[in-house]
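# Observations on the model geometry
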Amino acid sequence: MPGPKDRAGGKTRTSSAHGPSSAKKPYKASSAPTPSSGTTKKPYVPKTGPAPVTTKRAREEDEPEKAVVKSSLLSAPEEIDFVRGGGSGLTQVEVREAVLEGEKEAKDEEDEEEKERKLQTEVPEKSKAKRRKLERELAATKIREKHALPKDAFRVEHLNYKRLVPGTKVLAQIISVRPLELIVSLPNQLLAHIPITNISPEFTARLEAADEEDDSSDEESDDEESTVPTLAGLFKEGDWISTVVVDQKEDWKTRTGGREGDENVRASRRVELSAEPEKVNEGIAKGDLRAGFTLTASIKSVEDHGYVLSLGLPSLSSFLPFKEALKLQPRKLEVGQLIGCRIKEVNENGKTCTVAVGRAEVINSTLSTATSITSILPSTLVSALVTATLPSGLNVKFHGFFDGSIDIFHLNSLDPEKAFKIGQKVKARVLWDSVGTTPKRFSLSLAEHIIKLGVQTVGEGEEAKEVKEEYPVGRTLEEVKIVRSDEEWGLTCEWEEEGAKVSGFVHISHITDDHLASIPKSGPWKIGTLHRARVVGYSAVDGLVQLSLQPSVLEKSFLRVSDVKVGDVIKGTVRRLNDNGLFVEISGNVDGVVWPMHYADIKLKHPEKKFKAGTSVKARILSANPVKNRVVLTLKRQLVTSELPIVATAADAKVGVVTHATVTKVLEKSVLVDFFGGLRALIPATEAAEGFSSTTDLARIFTIGKVIPVRIINVDLTTGRIVASARQAVETAPEAAAASVEIGNVLSGEISALHETNIVLSLIPSKVKALISYPTLARHRKVTVEALRGDLAKGQTLEDLVVVSKNDDKGFVIVGLVPSKAKKSEDNAHADTVATNLSFESLAVGQKVAGRVCGKIPGGILVQVSRSIRGRVPQTEISDDYDLLSSASVAMGAHVECKVLSIDAENRRVDLSLRASRLDEKVVPKDALIKTVEDVKVGQPIRGFIKNIANHGLFVSLGGDVTARIQIKELFDEYVKEWKPRFSVGQLVSGKIIAVNKEQNQVELSLRSTATVKETAVEIGDLAKGQIVRGVVKRVEEYGAFIRIEGSSISGLCHKSKVTDDESTAWTEFVHEGDKVEAIITDVNVETKKISLGLKKSLFPGGDESEEEEGSEEEDEDDDDDEEGSDEEEEEEDSEGDVVFGADSDDDDVAGADSDDEMEIELPVASTSKLPAKVAAPLAVNAGFKWDAEEESEDEAENADEMDDEDEEEKIEEPASKKQKKADLSTLEDRTGDLDSQAPTSVADFERLLLGSPNSSYLWIQFIAFYVGISQVDKAREIGRRALKTINFREEQEKLNVWVALLNLENSYGTETSLEELFKEAVQSNDAKTVYLRLVDIYERTGKFEAEEELFKKLVKKFGQSSKAWTLFGQFYLTRGRPDEARELLPRSLKSLEKRKHVKTISKFAQLEFKLGDAERGRTIFEGIMDSYPKRLDLWFVYVDMEIKQRNVAGVRALFDRILAQRLSSKKGKSVFKKWLTFEKEFGDEAGVNAVKERAVAFVESLAA
């Protein structure tokens, strides 16, 4: 039977509508007319090609015929004649349907052929719009054919901004942590941001609370509780986080119109995400919460034993113990912090569940099944089945119901059609869900770094490196191979790096500089071709390096501001000039700016004339700021053409480096200069120029904007402080050294060139260019000019040159000859020949050398001893008679004989002496030679030079390292209000020594005619074993009590075994802080400065009893209440490390100091476990400070340990590390056995001691004291900073000691601003509360009560939960006579303190009332306490002690009666009766003693009954 085509091609009787006449071109055959139409019937000749089709009009005309045809359906079919014979049994309707079908196929093919023909033959006059339309239609047709999918397969979708609709859940990786947001990477090279308010509800609540707290200044707050952690403390780059899209901003480009330096930040503005568990976990079916399910949770609150977690699900929470939380991080978790967790078990009640945390627990957990599609979250690890392999990726199905796709970028560079088979099982992680598709589909990943939730690396094993770090933006790759091409998206590339393949992607917009609609398959970018590329970005989630093939990008010198190298010389084009600066177009995506100071070497009056738009300029990159997206340039020729090293970072700033710098500010005694990269250095006035003496000339020598060469002489990396010298850079850059030469200076010079009219000289040692005319030199030599020309030669030295004028701008001077020296040129030449052979290395201490006075400096003169060596002569070493300091023998240019006193090789400095008594021992000096404090005696008249004028008096240099202090009251016999104008630095004064402290190297001087010698303080050498002394108990420790001996600054330890003979009572009952006691010296060790004391009556000769004053405050004790026990522990922690090394305000008679005028520096003593056995004596401090008034150091604690070997149970527990250090003490002794046993007296001594004990704050503080004593406060600060840098970070107490010493230093010598800055820095580096308390103590001792009050206010606000802070504040007010303000603190404190601290705080305030306020008010407070806590025996005893101090015998007895009225245990009763009996013996009478004994017997009998 013929097929449909055969039937369609047969001849039949039908209307014209059914014939070929209705077909379009090129089919022109017409059909035979029907009889009704009157046309002639023609046979139909079939042709090759598709069947003809009918037109719509023909079908409309054929409507009557249709009725005929339809009516024949019930009749027999008519016979149809075929051209080649034969017949068919088809009806007319079937024939017509076949014809119509053939016509339709023919029409479709005809349309396609017509389009192709038109494209090939269309004339140029056709419109371009129609041509492009045809091209698009043809391309679309081809794409549809290309992307035709197999049966049951679906398209692999890529994530784009259109699909990121609100509600889409996506897995993201953090690429940047900013203060107020997280910048994250999304799949398929997208970016988004998470605002700080979208982290978790708990974290947002903390932010709002902190904001309200800042607005309300009246509320008391606790910073420890309210401080909100930063995002950097909760997240780090590389962390993975599950998020949900909450908003997509269409106007993101206009919103980010500001200057944001990072392009990633700008691109991330388009999509806003949220990580809140309530939104991310929304839709999870409760039935799917089973073991293995992973999700994100937030810390809801912190409880006693762990954290309460919020899972973001209604009526379901969890608890995380502290022990389990350590798996996440060692530090405490913050409320609102996000953590990943895995469900272990859901409890039967369905309200709580058990979770597991830890990276391994969460990453390796695979979800086995899920019943709801909304339960599938991003980051979920599933086992999937491959259902289709496509060129663009895979189709998979997981959990039997859910469809997903994996794009080609997440297949680990594998070919999806070759490496995978249908039915293969793979383990994949969910990336995002497609909300817009129905049913919802998921995108997954097989990428190794996503499966492990890590970062993409290149290489294997330990050599693996992060791709992002290995390929930074801007790196150029010489050859990358194109391995895949997506016509509408971009190119996928590969290249090898150390044997490993790395993948990259080139977006279609980054292929060429021209517009590219689609990527052709053939051409320059076909698969397999190699290209040069440049890195323009990195997609963290995809692990793809983003590349560019654009020639314009490859040619750029840098792509980002962060790629700019400071110091590079570049060329640019002027864009515009305004009042603020010059903007220059340079290679890169940003412009450079030139500030007015850097337009030229000199200030331009009309810069607009030089810098016109389009002008080409040569510049140097001065600094680059990626955050502000700014590059700063300089056009100064000296900087642009400089060949000196570029100092742009702290690492470049090395001591000894000579470089160019720009003067930016001239201060009173220093100059600030700028290097490259924003670095700044300070040039002290003493380093401004050689022989510089007047600070008023600084502004004249150093003008703002001037470029000068400097040498870096000191760098402190901890503070970033750089000190430079212009004087020491002269040798390297003589062209800028003219400023160091003054008119009138007498110098020598070497002939460097002989010109026609002038002789060019190089001055020695500054190498400044100098000119002298031939006639001038000829006149002095009394020869003709012609004869002179014949005598001169290059390299000869001319002496006795005097500077007559100079040109600072051009850097040269004009010199002449000193007339009086002209005749001695031959002798001087011979003398200089000898001096030329003298080098710095050949100098030795004690050597005699000849020189010439060449300059004056503050406090002395300069002597030139050779071409390159100048020495400093202090005022006290110029002459044996101070009245001759202005004589001609030491005038400028005078030749002198010197003796070398000291050599500083590091700074290349020499100290000399001109004293005749040093050169010849037979000479008797008029003004005695003072070398050390041993050379001065009390009552000795002496002269000296004022070294420093302070607010509290004068410091006078007596010679050597000895500096005397003169208090204000010792300046005049009569009262003088304005005394400072009468004195000046360097002035000669005459006075009398009134006090000498040889141990501390302190000398007191008086200028009064009626000066009286002060009583000498007791020294350790004056004490002997068995001597009875009086003292005050300064501190009570577990191992004993520290007692300061009256009339001295010496403290000794009374071990607990030597306190009392009464073994039945605790030894702490007999000694309290503040008690005045009489003690006997049991041991004295002068070398270690340790004194052991005893208070036992049996230790005194003849059994004499030592008198003790009772009534001191006892420490809170509570053997029965654990809660109070914790308070005691906290008190111990609060007081730990409060040991100070300084003088108390009541210690008036050390070195004759007056407490009103004396300035003190608190110096905590550090651990001496690292010191040699023979510790040097306390260093001399010439400023009158009492550095060792109270030595409560660990040496004493060690002494106590030695005395307590028999009582191991009561020993002070020490960390194992400290015990080990003590065990190694003998080793240290062996190593330092050759050190001097005396106190260090020079920098070298200190450096030698610190070499063996670098972590000893004791030595560092003594070093600071050394410089303070010689009034070099800046140097003392430098030593303190150096100590902080050197001491090991584990030695926290040692560092704290140095911090406190620096605070004392700034308090005494610094400004309020410098003290505030140092205090803030100390708070950040140490325990904040401890630093606050130390500064409070400093203010108290120095009488700065207003500052102390302000600090107390900050203290109680910041540490509102510290009982100690409140009680100390109350004590301050009561001491100052302000009881009302002190009493207002108690109710305030109870609002801030924890309840467990209320009783303790109330008790402390009551004790303060007894001591400093109203005793009756104290009783009222105590009565309230005892009414609430009647069984607290420790509180009863404190109450009793307060009444004992008041000598209220009746009141004390009444209290004991009330205590015994309660039911007491035998132990408590025994302690009560002991205390009562002791009281009656000391303050009562015989009847009272008997009454106590009777009641004790009755108490015992009642217990027995």
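Bear in mind the structure is a predicted one, so any value in this text is a computation, not a measurement.

On to the sheet that holds strand β33 (residues 746-754). Pairing is mixed around the closed barrel formed by five strands, whose spatial order is β33-β34-β35-β37-β36. The sheet shows a mean angle of 55° between the axes of neighbouring strands, direction not considered. Its contacts with the sheet place helix α21 (residues 774-781) against β33, β34 (758-764), β35 (769-773), β36 (797-807) and β37 (812-817), and it is angled at close to 65° to β35.

Here we come to the confidence of the model for the protein chain. When pLDDT is averaged along the protein chain, the result is 77; 78% of the residues meet or exceed 70. For residues 256-261, every residue scores under 50 in pLDDT, and the model assigns this stretch 15 contacts once sequence neighbours within four places are set aside. Confidence drops under a pLDDT of 50 for residues 820-836, and excluding neighbours within four residues, the segment shows ten contacts in the predicted structure.

Locating Arg429 in the fold gives a position in strand β14 (residues 425-434). No salt bridge is formed by the buried Arg429, whose closest oppositely charged neighbour, Glu448, lies at an N-O distance of 12 Å. In terms of polar contacts, Arg429 uses its side chain to reach the backbone carbonyl oxygen of Ile450, at 3.0 Å. In contact with Arg429, not counting residues within four places along its chain, are Leu171, Ile363, Ser379, Thr380, Leu381, Ser443, Leu444, Ser445, Ile450, Ile451 and Leu453.

Of the strand pairs in this sheet, strand β24 (residues 582-585) and strand β25 (residues 591-594) are connected by four bridges, and their pairing is antiparallel. Within the sheet, the bridge partner assigned to Val584 lies in β25 and is Gly592. Taken together, the three bridges between β25 and strand β27 (residues 630-634) define a ladder with parallel strand orientation. Residue Gly592 lies in a different strand from β27, and its bridge partner there is Val631.

Further remarks concern the sheet that holds strand β8 (residues 317-321). Spatially, the five strands close up into a barrel ordered β6-β7-β8-β10-β9, and their pairing is mixed. Going across the sheet, the axis of each strand differs from the next one's by a mean of 50°, ignoring polarity. As defined by bridge partners, strand β9 (residues 338-346) adjoins strand β10 (residues 352-357) across five bridges and the pair is classed as antiparallel. Of the residues in β10, the one forming a bridge with Val346 is Cys353.

This part takes up the pattern of salt bridges. In the structure shown here, the tally under the stated rule is 57 salt bridges. Between Lys279 and Glu276 there is a salt bridge; the shortest N-O distance is 3.2 Å. Judged by relative accessible area, which is 35%, Lys279 ranks as partly exposed. Under the relative-accessibility criterion, Glu276 is labelled buried at 10%. By sharing partners, the salt bridges in this structure join Asp881, Asp883, Lys926, Asp927 and Arg943 into a single network.

What follows is about the packing of helix α32 (residues 1292-1309) against helix α33 (residues 1312-1325). Packing of α32 against α33 brings their axes to within 9 Å, and their N-to-C directions diverge by 170°. What the angle tells us is that α32 and α33 run roughly antiparallel. Residue-level inspection shows Trp1299, Leu1302, Leu1303, Glu1306 and Asn1307 of α32 in contact with α33, the latter providing Ser1314, Leu1315, Leu1318, Phe1319, Glu1321, Ala1322 and Ser1325. Here the contact of α32 with α33 is built from residues that sort into seven nonpolar, three polar and two charged.

A separate point is the nonpolar core. By size, the foremost hydrophobic cluster in this structure holds 54 residues, and its most contacted members are Trp1260, Phe1263 and Phe1319. Residue contributions to this core peak at eight residues, all from helix α34 (residues 1328-1342). When near neighbours in sequence (up to four residues on either side) are disregarded, Phe1319 contacts Leu1303, Val1331, Tyr1332, Leu1335 and Leu1351. Tyr307, Ala370, Val386 and Leu394 belong to the second largest nonpolar core, which has 40 residues in total.

A regular strand carries its side chains on alternate faces of the sheet. Burial within β34 is extensive, with five of its seven residues counted as buried. Relative to β34, β33 is paired through six bridges, and the arrangement is antiparallel. Within β34, the residue paired with Ala753 across the bridge is Val760. Alignment of β34 against β35, held across five bridges, turns out to be antiparallel.

This part takes up helix α37 (residues 1379-1392). Over its 14 residues, α37 runs 21 Å from end to end, which matches the ideal 20 Å to within 8%, given 1.5 Å per residue. Looking only at α37, the buried set comprises Ala1382, Leu1385, Leu1386, Ser1389 and Ser1392. Its buried side turned inward, α37 meets α36 (1363-1375) and α38 (1398-1412).

With that out of the way, let us pick up the packing of aromatic side chains. Summed over all chains, the structure comprises 30 aromatic pairs. Through a chain of ring-to-ring contacts, the aromatic side chains of Phe398, Phe401, Phe402 and Phe442 assemble into a single cluster. Of note, Arg789 hangs over the ring of Tyr774, and the distance from its end group to the ring centre comes to 4.1 Å. It is Lys1475 that lies over the ring of Phe1437; its NZ or CZ is 5.4 Å from the centre.

The rules we used
- Residue positions are given per chain, counting from 1 as you read along its sequence in written order.
- Note on the predicted model: pLDDT of at least 70 is required for a residue's local features to be given, and 80 or more for side-chain atom pairs to be given and counted; whole-chain, interface and lining totals, by contrast, use all residues.
- Side-chain figures throughout are based on the complete set of non-hydrogen atoms in the structure, without hydrogens or water.
- We treat two strands as partners when DSSP finds at least two bridges between them.
- Each helix corresponds to a stretch of at least 4 residues labelled H or I by DSSP, and each strand to a stretch of at least 2 residues labelled E; elements are numbered beginning at the N terminus.
- In this analysis, axes come from line fits to C-alpha atoms, helices being fitted only over the stretch in contact, and the angle between any two N-to-C directions falls in the range 0 to 180 degrees.
- In this description, contact between two residues means that some pair of their heavy atoms is separated by no more than 4.5 Å.
- The pLDDT score gives, residue by residue, the confidence of the prediction method on a 0 to 100 scale.
- With a 1.4 Å probe rolled over the protein chains alone, any residue whose accessible area is under 20% of its type maximum counts as buried; one over 50% counts as exposed, and the rest are partly exposed.
- Charged residues are defined here as Lys and Arg on the positive side and Asp and Glu on the negative side; His and the ends of the chain fall outside this count.
- We count a salt bridge whenever a side-chain nitrogen from Lys or Arg sits within 4 Å of a carboxyl oxygen from Asp or Glu.
- Polar contact is the term for a pair of N or O atoms within 3.5 Å; when the atoms are in protein, one must be able to donate a hydrogen and the other to accept it, and sequence-neighboring residues count only if both atoms are side-chain atoms.
- Angles are sorted into four bins: roughly parallel if under 35 degrees, roughly antiparallel if over 145, roughly perpendicular if 65 to 115, and oblique for all others.
- Throughout, the ten residues Ala, Val, Leu, Ile, Met, Phe, Trp, Tyr, Cys and Pro are labelled nonpolar, Asp, Glu, Lys and Arg are labelled charged, and all others, Gly among them, are labelled polar.
- The nonpolar core is taken to be a set of buried Ala, Val, Leu, Ile, Met, Phe, Trp, Tyr and Cys residues, with the residues joined through side-chain atoms within 4.5 Å.
- How far a helix is expected to stretch is found by multiplying one less than its residue total by 1.5 Å.
- Only Phe, Tyr and Trp rings are paired, with Trp represented by its six-membered ring, and only when their centres lie within 6.5 Å; those with planes under 30 degrees apart are stacked, over 60 edge-to-face, the remainder tilted.
- A positively charged side chain is recorded as over a ring if its NZ (Lys) or CZ (Arg) lies within 6 Å of the ring centre. The angle to the ring normal must also be within 35 degrees.

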